[in-house]
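So you can see what is in the structure, the chains are spelled out below.
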Amino acid sequence: MKPWISCGLCALLCVSCSPRLTTLQEKKLAEICSADDSFTWLSPNDRAGYYMFSADHTNELRYFDESRDQEVTIPLPAPLGNTIAWSPSQRYLAVQVRESTFHDYPGAKAARKTWVMVYDAVRKSVRRVSTGDLVIESDAIWINDSQLVYLSRSLEEPGTVAARWAFDPEGGSLQRCESVPGFRKLPELLDPANTIVRLMDNTVLVVREDQVSTLDIVEPKLTRWADWLRGKADGLEWIRPDSAGREVLFCARSADSTNRNVFRVSMESGSLQRLTDEHSYNGKWIEGGRGFAYVGNTNNCFYLAVRPAATNAATNLFTSGWVRSYWPNPAGTAIYAEASLDAGPCGLWKYELATQQLRQLRPGNKLPLTHARVVVPQMKRYRSFDGLEIPTYFFSATNGVNPRTAPTVIAIPPPTDQCNRYYQPRPQFLPNLGFNYVGINYRGCDGYGLTYSALYDEDKAARDILTIVHSMLDAGEIPKNSLFLVCQSGGGGVFRRVLELEPDLWKGGVAAKASMGGLPQLDERQSKPPILFVIGDSDPILASVQRDIEKCREIGWPYEFYLIKDFTHLNIDPFGQRNQERRIVSAAK
């Protein structure tokens, strides 16, 4: 590894030159980073077969027209934030666009300015309809083709603002329906809501934490629903009424289980039935409410469970790969999924319930993997210092390199975005260049049930990581004297503690979009492994990272700093992603 340069404070204000890779390395990076990062929302209707997806940080709305096997692109004036809802006639699509930069506003740390725009599927045009600077907090609900309700937060005023809006199809902005008798009460009734979900015409479910009410938005009148959750489950999520508004699917955590499960409840009787035993997410109706589907989680690997009315037709899809999201079509006769059959990029798939056939509509990457290859990780469990089993993902070095002699990156994920089999650029790119990549899901990481995620302790998490690293070294699985420590986002505190406990173990470290919250406390005799800080200029934690860097400069801790232009924390454009990976690789070369 080459010596790292200790940068001056001026580096905080500029962007370093992109490091050079070989032509073959660049080809591999381009292929690996060509995957679409985010399919979003689906289905205006069965006949046309539109299925929405988008790449993050792009000023466009794209959809796949299945009937013509064609991708359509709609330019937007700002990056797409979210697709919100189709109108009942399925002519208009409300979308949210956002600025890339964050702004402070009352009642929250930071947010992006967002606006509501409407896409007209007949005229093929997009126009802004909201006024002011808003932060959209939930999906919108169209009452008809000229009225919709959504929750939003004003940047100028604290608190949630919820209202019914009039939409003029011929032009103009959304207007509050405050002139209609009773509508002035609507913001007050919806103000504490976390979520609103359409139940039937003019009626919505209003959810505040675990309290569920129905709201007649014509009256308007809010009615507390039966306390069918009390003592039985909590953590209400993914509320899905059936088409008749008689039954509701939702996910919650049972009182007698550490896992989240799918439930169904009758709106009339309040009778409650638990439908799943394993950790479950995002239940949705199929076959007009006669069957359902959900995402199941076994050992932090997500699959799609299909449970039609005919029990002999039940199946689990993508069990050797990963499913990130899925959407039944409105008739419930087919399921579209953003998923993969292995550790490769998630593509667009369709499963026909009648024929039980699964086929890919669109691959998950724009460039075929010709020079690079998909690295399928080994999922292992190692016992920690106190006997607790710690899940670990081992992406072995390729490119003809023996993993037992390959330089090794030990990755510290944030507890809310743990390492897994799902396709991501870094654990694919580094092994393709001859590095081992080991992602350790220390105690406190999500995805393994409530008991495991509740164990988070910064010191014990660091000891988990070090115990596993030494176990792998003792077993000869990875070599000594070639270890690099990399953290991401919320893993910064554990990263700092690992360096404090064993600073001599590492050739260097990388804090990617992460603040350590202060430098490791070492005495003068201990080595100080160089640290590369990589972060975007629009990242809300930039100021905290700058404080870490200033402390490095003050005490003489070797570091480099790489600031990426127009790079945020959660949403990464493909160009910024490639620059980030180039810089990380060059530091270890």
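Right above here is the structure, for reference.
Anyway, here's the lowdown on the structure attached to this text. Everything numeric in this text was worked out from a predicted model, so none of it was measured. (Residues numbered from 1 in each chain as written. Predicted model: local features only at pLDDT ≥ 70, side-chain atom pairs only at ≥ 80, totals over all residues. Heavy atoms only, no water.)

1. Regarding the overall build of the protein
Thought 1: Secondary structure assignment for the protein yields eight helices and 38 strands.
Thought 2: Residues classed as buried in the protein amount to 58% of the 589 residues present.
Thought 3: Summarising the internal contacts of the protein: among those between residues at least 6 apart in sequence, 51% fall at separations of at least 24.
Thought 4: Carbon and sulfur atoms make up 48% of the accessible area of the protein, which amounts to about 24600 Å² in all. (Helix = DSSP H or I, 4+ residues; strand = E, 2+ residues; numbered from the N terminus. Buried < 20%, exposed > 50% of the residue type's maximum accessible area, 1.4 Å probe, protein only. Contact = heavy atoms within 4.5 Å. Areas by Shrake-Rupley, 256 points an atom, 1.4 Å probe, with all protein chains shown as cover.)

2. Some details on the sheet that holds strand 33 (residues 408-412)
Thought 1: Read across the sheet, eight strands follow the order 31-32-34-33-35-36-37-38 without closing on themselves; strand pairing throughout is mixed. Each edge of the open sheet carries a strand with a single partner, namely strand 31 (378-383) and strand 38 (559-564). Looking at each pair of strands side by side, their axes are set apart by 20° on average, direction ignored.
Thought 2: Contacts from helix 3 (residues 425-432) reach strand 32 (389-395), strand 33, strand 34 (436-440), strand 35 (483-488) and strand 36 (508-512) within the one sheet, and its direction differs from that of strand 34 by about 150°.
Thought 3: Packing of helix 6 (residues 492-501) onto the sheet brings it into contact with strand 33, strand 35, strand 36 and strand 37 (531-536), and relative to strand 35 it is tilted by some 155°. (Pairing = 2+ DSSP bridges. Axes fitted to C-alpha atoms, helices over the stretch in contact; angles between N-to-C directions.)

3. Digging into the side chain of Ser396
Thought 1: Here Ser396 lies in the loop between strand 32 and strand 33.
Thought 2: A distance of 3.4 Å separates polar atoms of two side chains, one belonging to Ser396 and the other to Gln378. (Polar contact = N/O pair within 3.5 Å; in protein donor to acceptor, adjacent residues only side chain to side chain.)

4. As for unusual backbone geometry
Thought 1: A positive phi angle is found at Phe318, which is not glycine, with a value near 65°.
Thought 2: Within the secondary structure, Phe318 is located in the loop between strand 26 (315-317) and strand 27 (322-328).
Thought 3: Residue Phe318 is classed as buried on the basis of its relative accessible area, which comes to 5%.
Thought 4: Positive phi is not limited to glycine here, since Ser489 has a value of about 50°.

5. With respect to helix 6
Thought 1: Of all 10 residues in helix 6, eight are buried; the element is thus mostly enclosed.
Thought 2: Among the residues of helix 6, those classed as buried are Gly492, Gly493, Val494, Phe495, Arg496, Val498, Leu499 and Glu500.
Thought 3: Turning to helix 6, the residues buried within the fold contact strand 33, helix 5 (458-474), strand 35, strand 36 and strand 37.

6. Remarks on the pairing of strand 9 (residues 125-128)
Thought 1: In this sheet, strand 9 lies alongside strand 8 (residues 114-120) in antiparallel orientation, the contact comprising four bridges. The partner of Val118 across the bridge, within strand 9, is Arg127.

7. Some remarks on the environment of Arg253
Thought 1: With respect to the helices and strands, Arg253 occurs in strand 20 (residues 247-254).
Thought 2: Those residues within four positions of Arg253 in sequence are excluded, and the remaining contacts are Lys232, Ala233, Asp234, Thr258, Asn259, Arg260, His279 and Leu450.

8. What about the environment of Leu505?
Thought 1: As for its position among the elements, Leu505 is in the loop between helix 6 and strand 36.
Thought 2: Judged by its relative accessible area of 16%, Leu505 is buried.
Thought 3: Sequence-distant contacts of Leu505, defined by excluding residues within four places in its chain, comprise Leu466, Val469, His470, Leu473 and Leu483.

9. With respect to the pattern of salt bridges
Thought 1: Overall, the coordinates contain 19 salt bridges when judged by the stated rule.
Thought 2: The salt bridge partner of Asp277 is Arg274, with a shortest N-O separation of 3.3 Å.
Thought 3: On the accessibility criterion, Asp277 (57% relative accessible area) is exposed.
Thought 4: The class of Arg274 is partly exposed, set by a relative accessible area of 35%.
Thought 5: Arg497 is paired through a salt bridge with Asp459; the nearest N and O atoms lie 2.8 Å apart. One end of the pair, Arg497, is in helix 6; the other, Asp459, is in helix 5, with 38 residues separating them in the sequence.
Thought 6: Salt bridges sharing partners connect three or more residues here, namely Arg91, Asp120 and Arg123. (Salt bridge = Lys/Arg side-chain N within 4 Å of Asp/Glu carboxyl O.)

10. Quick notes on the packing of aromatic side chains
Thought 1: Taken as a whole and assessed by the stated rule, the structure comprises 12 aromatic pairs.
Thought 2: Their ring planes at 20° and their centres at 6.4 Å tell us that Tyr92 and Trp142 sit as a pair that is stacked. Taken together, the residues span a long stretch of sequence, with Tyr92 in strand 5 (residues 92-98) and Trp142 in strand 11 (residues 141-144) at a distance of 50 residues. The pair Tyr92 / Trp142 is uniform in exposure class, with both members buried.
Thought 3: Ring geometry for Trp238 against Tyr281: centres 5.8 Å apart, planes inclined by 85°, an arrangement best described as edge-to-face. Residue Trp238 is found in strand 19 (residues 233-241), and its partner Tyr281 is found in strand 23 (residues 279-286); the two are separated by 43 residues along the sequence.
Thought 4: With relative accessibility at 11%, the residue Tyr281 sits in the buried group.
Thought 5: The structure contains a cluster of three or more aromatic residues connected by ring pairs, namely Trp238, Tyr281, Phe302, Trp322 and Tyr422.
Thought 6: A cation over a ring is seen here: Lys284 above Tyr326, with NZ or CZ 4.8 Å from the ring centre. (Phe/Tyr/Trp six-rings, centres within 6.5 Å; stacked < 30°, edge-to-face > 60°. Lys NZ or Arg CZ within 6 Å of the ring centre and 35° of its normal.)

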